[in-house]
Amino acid sequence: MITIWPQYLNKNLSLKEGRKISKEDCVKDPSMNEIEKALKRLGLSYNIDKERAYPGKWYEKSGRVLVEWEGTKLELIREVSLKIKEIRH
């Protein structure tokens, strides 16, 4: 299981603030609904935990998703982000 926090995909954040992939691959302020739609379209199994707070922002319950994935974490984050871009257009 791989954990995805919305911060990993957020174009508005720096690497220090939690972004994991390049800004070109990121989206602005991804929502949990968008992440869920992207995972559905990718055909992946996942569990959403909306009451969790990203450790760097412990005071803000942004939620997280646990995803069944065979590849690397960065590959998964990139796939989800690109799918969100596709959904938005």
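An account of the accompanying structure is given in this report. (Residues numbered from 1 in each chain as written. Predicted model: local features only at pLDDT ≥ 70, side-chain atom pairs only at ≥ 80, totals over all residues. Heavy atoms only, no water.)

Attention now moves to the environment of valine 65. With respect to the helices and strands, the residue valine 65 is situated in strand S3 (residues 64-67). As for valine 65 and isoleucine 35, which are separated by 30 residues in sequence, their C-alpha atoms are 8.3 Å apart. Not counting residues within four places of it along the chain, the set of residues in contact with valine 65 comprises Ile2, Thr3, Ile4, Met32, Ile35, Leu39, Tyr46, Asn47 and Ile48. (Helix = DSSP H or I, 4+ residues; strand = E, 2+ residues; numbered from the N terminus. Contact = heavy atoms within 4.5 Å.)

So, about helix H2 (residues 73-88). The end-to-end C-alpha distance of H2 is 23 Å, a good match for the 22 Å that 16 residues give at a rise of 1.5 Å each. By the burial criterion, the buried members of H2 are Leu76, Ile77, Val80, Ser81, Lys83 and Ile84. For H2, the angular spread of buried residues about the axis comes to 160°, placing them on one side. (Expected span 1.5 Å × (residues − 1). Buried < 20%, exposed > 50% of the residue type's maximum accessible area, 1.4 Å probe, protein only. Arc of directions from axis to C-beta.)

We now examine the nonpolar core. Of all hydrophobic cores here, the largest spans 21 residues; its most connected members are Ile35, Leu39, Val65, Val67, Leu76, Val80 and Ile84. Looking at this core, the elements that each hand over two or more residues are strand S1 (2-4), helix H1 (32-41), S3 and H2. (Core = buried A, V, L, I, M, F, W, Y, C linked by side-chain atoms within 4.5 Å.)

One pass over the full model with this rule turns up 6 salt bridges. Residues glutamate 36 and lysine 40 are paired through a salt bridge, measuring 4.0 Å at the closest nitrogen-oxygen approach. With glutamate 36 and lysine 40 both in helix H1, this residue pair falls 4 residues apart, about one helical turn. For lysine 40, a relative accessible area of 56% translates into the label exposed. Here arginine 64 makes a salt bridge to aspartate 49, at a shortest N to O gap of 3.6 Å. One end of the pair, arginine 64, is in strand S3; the other, aspartate 49, is in strand S2 (residues 46-49), with 15 residues separating them in the sequence. Salt bridges sharing partners connect three or more residues here, namely Asp49, Arg52 and Arg64. (Salt bridge = Lys/Arg side-chain N within 4 Å of Asp/Glu carboxyl O.)

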